[in-house]
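# Coordinate inspection notes
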Amino acid sequence: MAIKNKKLNLKDKYQYLTRDMAWEPTYQKKEDIYPDEQFEGIKITDWSQWEDPFRLTMDAYWKYQAEKEKKLYAIFDAFAQNNGHQNITDARYVNALKLFLSGVSPLEYAAFQGYARVGRQFSGAGARVACQLQAIDELRHSQTQQHAMSHYNKHFNGLHDAAHQHDRIWFLSVPKSFFDDARSAGPFEFLTAISFSFEYVLTNLLFVPFMSGAAYNGDMATVTFGFSAQSDEARHMTLGLEVIKFILEQHEDNVPIIQRWIDKWFWRGFRLLSLVGMMMDYMLPNKVMSWAEAWEVYYEQNGGALFKDLERYGIRPPKYQDVANAAKNHVSHQAWGTFYQYSQATNFHTWMPEEEEMTWLSEKYPETFDKYYRARFEHWDKEQKEGRRFYNNTLPQLCQVCQIPVIFTEKDDPSVFSHRQIKHEGERYHFCSDGCCDIFKNEPEKYIQAWLPVHQIYQGNCGGADVATVVEKYYHINLGVDNMEYHGSPDHQRWLDIKGLKPLQSNSEKKTAA
Amino acid sequence: MTIEIKTTSVEPIRNTYSAIARRFGDKPATRYQEASFDIEAKTNFHYRPLWDPKRTLNDPSRTAMQMDDWYAVTDPRQFFYGAYVGNRAKMQEAAESNFGFCDKRNLLTRLPEETQHQLLRLLVPLRHVELGANMNNSKIAGDAIATTVAQMHMFAATDRLGIGQYLSRIALLLDGSTGKALDESKTFWMDDELWQPMRKLVEDMLVIDDWFELTLVQNVLLDGLMYPLIYDRMDAWLGEQGAEDVSLLTEFQRDWFKESLRWTNAMTKTVVGESEGNREQLQIWVTQWEPRAYEALKPIAQATTGLDALDEIRAELSVRLKKVGLESTGVQA
Amino acid sequence: MSQKVFIAFQDNDNARYLVEAVMQDNPEAEVQHQPAMIRIEAEKRLVINRATMEETLGREWDVQEMLIDVISIGGNVDEDDDHFILQWN
Ligand SMILES: [Fe+2]
Ligand SMILES: [Fe+2]
Ligand SMILES: [Zn+2]
């Protein structure tokens, strides 16, 4: 065959190797093959306008990913063989990993499921293929995380039953409901929620703190899997931005729908990230940067540049962004204060910051920490040292949407809890904020279904009426072993043993160990 | 200060995760086990999907097959993500060197015009069948409710995309990477009589809702006839036409199919073995779809290997199905 | 308001060459060393050229190789055979 045309460039060649394999069906109706593409009201007039966010054919994918995996597993092996867990700064750090494995890893798996599904749903083959590659990447993340944590699980408590706990523990319904919300939405909302709002806008605030935290605290296994996973993330982020631009360019009627979704998913993401905020400020023995600093760099600066770029489509920054920006100086303290009180029902330990950590918090939060939080934390610390560790035994009121207890305060008055309520079909519903309340009002039929852990305990659906039974039998938490106060816990004892130290009366052994 | 490490503090306090220990006992677990069992959400879902309000997320009723525990279906290859990409990286390296070899020596463009045309008409259109298989397996990965099952289908989905890409590259070798040959080949898929029963079958499969029915039809029945017909018999037939070099370019598919038999056989066996109810329903699907797969391949066999070859393959599939307690009709084996 | 694009790499040997090439092509960019990662940011636009990378490395280099070491990006991506560009409009 004679060579007639011009050689294809990379972009056209990639199209031939992906979307050109698709065809216009004639034996079945398009609506029957792609039944979910219409109901959200998003109008796509021409899928051929889709810009492939990356051009990775399967052969290159297998090659590069195998290379990454080979490096990663070599480090996991070395880490386990050398008992790398002994090199971390302090065993308190492991509690960040417990939060990660039970709160984040199951989301990776949910992302795999969600992308596998939408990777079938779009009638545009370019979009399908991009989603499928993300699906298998997310499967990768969920699995490498099991493997990275495997060694820690053998040496510390609280990491042993993460997926079971993700389905049940009260605060884990915060991340779980977030992803359930996205997965139960239509395919376009799913992508706006996860690819755009989560992966593009907020993921830096999840991964960079965790991974830098790991790097600062001697955790080689986590740094390695985290950064290796993040190398996939660059592709996911590109997809997130392409998706949004594509939908917005397709039809002007899409703009208000996308704006509503951006508002919703920004707010849900912001609430979810309060767990990361407390991790950064309170759970890392060696601090990387404060939550407020991370928020400034990764949301205020990067997000600002992004939303300026999207202005030309008629998209404005998310509603209640101002509330979120103001809250950066409060959320981590409020969240940690809550988890400290309810530590009998978490799968990790809590503790009060040591004096030098309090000093760091005062420096990083000059306007808020000393004024609103220090006194209470010092009081709790004193109580604990005198043998009266404080636990709160009343079950908290959860927000109907984000499912975080109603613990956050008003933007203009940090001494007043932010609490909204409305009546819907004769029932009263409670919210942590206007942001969550708005989300409910847009889709009440969805949010009245929420599996609210506290209600479920009251209704007797969690194996018992008293906290101890629920925690041990239903949550599979070994009470006092996996959780509660860190000082004096088996993990703490074991750490002192590893470091050749005797338990001391005060909390200052970290300094002598260094 | 001197740090003395006591041996007791080095000993593990447990050997694996609790969920793994509940299944296999508290002993050191394999990477396959820790990555594949009980990591998928099972209960307490918050909202019913807008796209399927009668069911929950991860609802077992998205197939008529009933399993006490879907994790009973496991992968004999023990592929988790890392093992999977490692394996495929090796396979693609071999494929790459074969494609490079053919390209450098112009092995395809040296073929007679008529043979080149046959490749575009008879082999390359299968890339569209592969895309259908890709979509189907992605759907199954999203619907299946145990990681052991879901991941095998996700791997199959990306495999099929890759195979579609290898088939497409045969055309790119023929036309010097202009895309012209792919355009031509696609017209056969759309309009040539020979492909219409297959295209109809593929489009009909795209509207199958039950994910286990879909895996049976795609990965067991259609592939069970199509892969041996195309990549063994038609491959030999192409050799007789002087196109034996094409074999180099489809080696991936031959190796792939041989490997895929391991998990598809194991999966079918486990699900049939679970209950008489499962077996009966599967038998209904086999009876319904196996003849469709046969009919879809018939024109291709007639144009190439002859129908006998397809009948022999049909008999082989029937033997394969019989081993797991299912019967396919229409064969004198 | 300033609109920064950025790219972050794992702090490893590959990153040295990437950083060197990026700084050659974008002299006004700023390099920040953070725990286990290197972040480069620039106003509005940052370009990574294949030609510069090939010169720096002394071998052929595929733009996609970079994906192994990238941790995060900010900005619209424009990628082809010869370059990887991040920019805000
Ligand atoms: Fe991920
Ligand atoms: Fe991701
Ligand atoms: Zn809320």
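Residues numbered from 1 in each chain as written. Chains lettered and ligands numbered in written order. Predicted model: local features only at pLDDT ≥ 70, side-chain atom pairs only at ≥ 80, totals over all residues. Heavy atoms only, no water.

### Some points on the UniProt feature "domain: YHS" (unreviewed entry) in chain A
Here, the residues flagged by UniProt with the feature "domain: YHS" (unreviewed entry) are residues 418-451 of chain A. End C-alpha to end C-alpha, residues 418-451 of chain A measures 22 Å, and it is 38% helix and 29% strand. (UniProt positions renumbered as here; feature names shortened; annotations may be inferred. Helix = DSSP H or I, 4+ residues; strand = E, 2+ residues; numbered from the N terminus.)

### Observations concerning the coordination of the iron ion (ligand 1)
Residue and element names in this part refer to chain A. Summarising the metal site, the iron ion (ligand 1) is bound by the protein donors Glu108 (OE), Glu138 (OE) and His141 (ND1), whose distances to it range over 2.1 to 2.2 Å. A separation of 3.3 Å is found between the iron ion (ligand 1) and the iron ion (ligand 2), both of which receive a donor from Glu138. Of this pair, Glu108 sits in helix α5 (residues 105-121) while Glu138 is found in helix α6 (residues 125-155), placing the two residues 30 residues apart along the sequence. Glu138 carries the same exposure label as Glu108, and that label is buried. (Donors = N, O, S within 2.8 Å, 3.2 Å for Na, K, Ca; no water. Buried < 20%, exposed > 50% of the residue type's maximum accessible area, 1.4 Å probe, protein only.)

### Observations regarding the interface of chain B and chain A
Counting residues at the interface gives 99 residues for chain B and 103 residues for chain A. Interface area for chain B against chain A, summed over the two sides, is near 9000 Å², with a carbon-plus-sulfur share of 57%. When residues of chain B are sorted by the area they lose upon contact with chain A, His46, Tyr47 and Tyr81 of chain B head the list and together hold 10% of the total. Notably, a salt bridge pairs Asp143 of chain B with Arg117 of chain A, separated by 4.0 Å at the nearest N-O pair. If you list the elements that add at least two residues to the side of chain B that touches chain A, you get α1 (18-24), α2 (31-36), α3 (81-104), α4 (113-123), α5 (126-143), α6 (147-174), α7 (180-191) and α8 (196-205) of chain B. Tallying contributions element by element places α6 of chain B first for the side of chain B that touches chain A, with 16 residues. In terms of residue class, the side of chain B that touches chain A is made up of 42 nonpolar, 30 polar and 27 charged. (Contact = heavy atoms within 4.5 Å. Buried area = accessible area lost by both parts, 1.4 Å probe. Salt bridge = Lys/Arg side-chain N within 4 Å of Asp/Glu carboxyl O. Nonpolar A, V, L, I, M, F, W, Y, C, P; charged D, E, K, R; others polar.)

### Brief notes about the interface of chain C and chain A
Every contact between the two is made by 29 residues of chain C and, on the other side, 39 residues of chain A. For the pairing of chain C and chain A, the buried interface totals around 2800 Å² over both sides, and the portion due to carbon and sulfur atoms is 56%. In terms of surface lost to chain A, no three residues of chain C exceed Pro35, Gln64 and Ile68 of chain C, which account for 20% of the buried area on that side. Summed over the shared surface of chain C and chain A, the number is zero salt bridges.

### A word on the coordination of the zinc ion (ligand 3)
Residues and elements named next belong to chain A. The protein atoms donating to the zinc ion (ligand 3) are Cys399 (SG), Cys402 (SG), Cys432 (SG) and Cys436 (SG), with metal-donor distances spanning 2.3 to 2.4 Å. Around the zinc ion (ligand 3), the four donor atoms sit at angles spanning 106 to 116°, and that spread fits a shape best called tetrahedral. Sequence spacing among the residues donating to the zinc ion (ligand 3) works out to C-x2-C-x29-C-x3-C. Cys402 matches Cys399 in its accessibility class, with the two residues each being buried. (Tetrahedral: all angles 85-135°; square planar, octahedral: opposite > 155°, others 65-115°.)

### As for the pattern of salt bridges
All names here are of chain A. Summed over all chains, the structure comprises 75 salt bridges over all chains. Of the charged contacts, one joins Glu51 and Lys11 as a salt bridge, the two residues approaching to 3.8 Å between their closest N and O atoms. Taken together, the residues span a long stretch of sequence, with Glu51 in the loop between α2 (30-33) and α3 (58-81) and Lys11 in helix α1 (residues 10-16) at a distance of 40 residues. One salt bridge in this structure joins Arg117 and Asp36, with 2.5 Å as the shortest N-O distance. Residue Arg117 is located in helix α5, and its partner Asp36 is located in the loop between α2 and α3; the two are separated by 81 residues in the primary sequence. Owing to a relative accessible area of 16%, Arg117 belongs among the buried residues under this scheme. Through salt bridges with shared partners, one network takes in Lys68, Glu69, Asp137, Arg140, Asp232 and Arg235.

### Brief notes about the environment of Gln253 of chain B
Residues and elements named next belong to chain B. By secondary structure assignment, the location of Gln253 is in helix α11 (residues 251-274). Linking Gln253 and Ser177, residues 76 residues apart in sequence, is a C-alpha distance of 22 Å. When sequence neighbours within four positions are dropped, the list of residues in contact with Gln253 reads Ile163, Leu167, Tyr227 and Tyr231.

### Points about the arrangement of the chains
Interchain contacts are distributed over two pairs of chains, and the most extensive set of them lies between chains A and B. For chain B and chain C, which are not in contact, the least C-alpha distance works out to 15 Å.

### Quick notes on the packing of α8 of chain B against helix α9 (residues 211-240) of chain B
Residue and element names in this part refer to chain B. Closest axis-to-axis distance for the α8/α9 pair is 11 Å, and the angle between their directions is 160°. Between α8 and α9, the angle falls in the class roughly antiparallel. By crossing handedness, the relation of α8 to α9 is classed as left-handed. Mapping the contact onto sequence places Met198, Leu201 and Met205 in α8 and Leu214, Val217, Gln218, Leu222 and Met226 in α9. Residue composition of the contact of α8 with α9, by class: seven nonpolar, one polar and no charged. (Axes fitted to C-alpha atoms, helices over the stretch in contact; angles between N-to-C directions. Parallel < 35°, antiparallel > 145°, perpendicular 65-115°, else oblique. Left-handed = near helix turned anticlockwise from the far one by under 90°.)

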